[in-house]
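Summary of structural features
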Amino acid sequence: SGACAALLSCPAEVALVRSSNDATLPAAERRNYRGPADAALRILRDEGVAAFWRGSAPFVQRAMLVGVTQVGTLDQAKQFYDERAGVPRGTYGNVFCASMTSGLVYSLVTMPFETAKNLMAFQKPDARGALAYRATGQTILAVARSRGVLTLWNGFPPYYIRCGGHTVTM
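Keep in mind that this is a model prediction, so the values were computed, not measured. Within each chain, residues carry numbers counting from 1 in the order of the written sequence. Reporting of local features is limited, given that this is a predicted model, to residues whose pLDDT is at least 70; pairs of side-chain atoms are given and counted only at 80 or more, and all residues count toward the totals for whole chains, interfaces and linings. Processing note: side-chain calculations cover all non-hydrogen atoms of the structure and skip hydrogens and water entirely.

Thoughts on the layout of surface pockets
There is about 550 Å³ of room inside the largest pocket. Lining residues are defined by having an atom within 4 Å of a point belonging to a cavity or pocket. Those points lie on a 1 Å grid over the protein atoms alone, cavities being sets where a 1.4 Å probe fits but cannot get out and pockets being open sets with protein on both sides within 12 Å along at least five of seven lines. Lining the largest pocket we find 28 residues, and of these Asn 21, Thr 115, Asn 118, Leu 119 and Phe 122 sit closest to its centre. Counting from the N terminus, the helices are the DSSP runs of H or I reaching at least four residues and the strands are the DSSP runs of E reaching at least two. Those elements that place two or more of their residues in the lining of the largest pocket are α1 (2-21), α4 (92-122), α5 (136-147) and α6 (156-169). If you tally residues by element for the lining of the largest pocket, the top one is α4, at seven residues. Grid points are joined across faces, edges and corners, and a volume is the space filled by probe spheres set on the points.

Here is the structure:
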């Protein structure tokens, strides 16, 4: 299932998130990874194997929600476009419209979990060694309270294109 795949792929996801987001930090805070492989080796060496599963809960939860929303809405959208919009089932137009609609629903539902996963995977411990984000719900609430609820959907357009595109190719 998606949850098992997400759990198994966490080390690669953490290394990718860290190496991708490193350049967005101020120069003094950067880890200066040379790429995902360098990030993975340094995470293992400097933080231990458990650091690879930082952010795994929202990653697994997001994967489960993707399955539920994607599968749960795709056939309904196909039926809607056939019956209400005159786009016959089984045509490319119907599949594309239904897939993009299903991708929209799954993007809206899962984006807060994607945000929490990225924040949890990318965070650094404070001076005492404590992490600011410890659980999915706590991370989502902390972000909503400190930065505003809409911050949970920052970067939505490319995320939606990815999710809609993924659903089209399913």
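Picking up after the structure, the text goes on.
As for empty space enclosed by the protein
Applying the stated criterion to the full structure yields one cavity of 30 Å³ or more. Estimated volume of the largest cavity: approximately 40 Å³. Lining the largest cavity, in full, are Cys 10, Glu 13, Val 14, Val 17, Arg 54, Gly 55, Ser 56, Phe 59, Lys 117 and Ala 121. The set of elements that each furnish at least two residues to the lining of the largest cavity consists of α1, α3 (56-83) and α4. Residue polarity is assigned by list, with Asp, Glu, Lys and Arg as charged and Ala, Val, Leu, Ile, Met, Phe, Trp, Tyr, Cys and Pro as nonpolar; anything else, Gly included, falls into the polar class. In terms of residue class, the lining of the largest cavity is built from five nonpolar, two polar and three charged.

A closer look at the state of the cysteines
Whenever a pair of cysteine sulfur atoms sits within 2.5 Å, that pair is classed as a disulfide. The full count for this structure, using the stated rule, is zero disulfides. Cys 4 forms no disulfide, and the closest cysteine sulfur to it belongs to Cys 10, at a distance of 12 Å. Note on Cys 97: no disulfide assigned, nearest cysteine sulfur contributed by Cys 163 at a separation of 18 Å. Judged by its relative accessible area of 27%, Cys 97 is partly exposed. Exposed residues in this analysis have more than 50% of their type's maximum accessible area, buried residues have under 20%, and partly exposed residues fall in between, with area computed by a 1.4 Å probe over protein chains only.

With respect to α1
Its 20 residues place the ends of α1 only 24 Å apart at the C-alpha level, less than the 28 Å of an ideal helix rising 1.5 Å per residue. At Cys 10, α1 shows its strongest bend, of approximately 55°, with the proline Pro 11 following within four residues. Each element contacted by the buried residues of α1 is listed here: α2 (36-47), α3 and α4. Helix span, expected: 1.5 Å multiplied by one less than the number of residues in the helix. By definition, a residue's bend is the angle between the axes fitted to the seven residues ending there and the seven starting there. Here, two residues are considered to be in contact whenever any of their heavy atoms come within 4.5 Å of each other.

Some thoughts on unusual backbone geometry
Excluding glycine, most residues fall at negative phi; most peptide bonds, likewise, are trans. With phi around 55°, Asn 32 is a residue other than glycine that occupies positive phi space. Relative to the elements of secondary structure, Asn 32 occurs in the loop between α1 and α2.

Points about the packing of aromatic side chains
Within 6.5 Å between ring centres, the rings of Phe, Tyr and Trp (the latter by its six-membered ring) count as paired, and their orientation is classed by plane angle as stacked under 30 degrees, edge-to-face over 60, tilted in between. One pass over the structure, following the stated rule, counts three aromatic pairs. Taken together, a centroid distance of 6.5 Å and an interplanar angle of 85° make the contact between Phe 52 and Trp 53 edge-to-face. Pairing Phe 156 with Tyr 160 gives two aromatic rings, centres 6.0 Å apart and planes at 5°, and the pair type is stacked. Of this pair, Phe 156 and Tyr 160 both sit in helix α6, four residues apart, roughly one helical turn. Judged by its relative accessible area of 17%, Phe 156 falls in the buried class. A cation over a ring is seen here: Arg 31 above Phe 122, with NZ or CZ 5.7 Å from the ring centre. Only when the NZ of Lys or the CZ of Arg is both within 6 Å of the ring centre and within 35 degrees of the ring normal is a charge said to sit over the ring.

Considerations on the packing of α4 against α6
A packed helix pair is summarised by two numbers, namely the angle formed by the two axes and the spacing between the axes. Packing of α4 against α6 leaves a shortest axis separation of 7 Å and a crossing angle of 130°. Considered as vectors, α4 and α6 are oriented oblique to each other. Where α4 crosses over α6, the two elements pack in a sense that is right-handed. Taking contact as the criterion, the partners of Phe 96, Ser 99, Met 100, Ser 102, Gly 103, Leu 104, Tyr 106, Ser 107, Leu 108, Thr 110, Met 111 and Glu 114 in α4 are, on α6, Phe 156, Tyr 159, Tyr 160, Arg 162, Cys 163, Gly 164, Gly 165, His 166, Thr 167 and Val 168. Among the residues making up the contact of α4 with α6, the classes are represented as eleven nonpolar, nine polar and two charged. Each axis is a line fitted through C-alpha atoms, and for a helix only the stretch in contact is used; angles between axes span 0 to 180 degrees, taken between their N-to-C directions. Angles are sorted into four bins: roughly parallel if under 35 degrees, roughly antiparallel if over 145, roughly perpendicular if 65 to 115, and oblique for all others. It is the rotation of the near helix from the far one that decides the hand of a crossing: anticlockwise by less than a right angle makes it left-handed, clockwise makes it right-handed.

A look at the pattern of salt bridges
When a carboxyl oxygen of Asp or Glu lies within 4 Å of a side-chain nitrogen of Lys or Arg, that pair is called a salt bridge. One pass over the structure, following the stated rule, counts ten salt bridges. With a closest N to O distance of 2.8 Å, Glu 47 and Arg 18 form a salt bridge. One end of the pair, Glu 47, is in helix α2; the other, Arg 18, is in helix α1, and 29 residues separate them in sequence. Members of the salt-bridge network, linked through shared partners, are Glu 13, Arg 62, Glu 114, Lys 117 and Arg 162.

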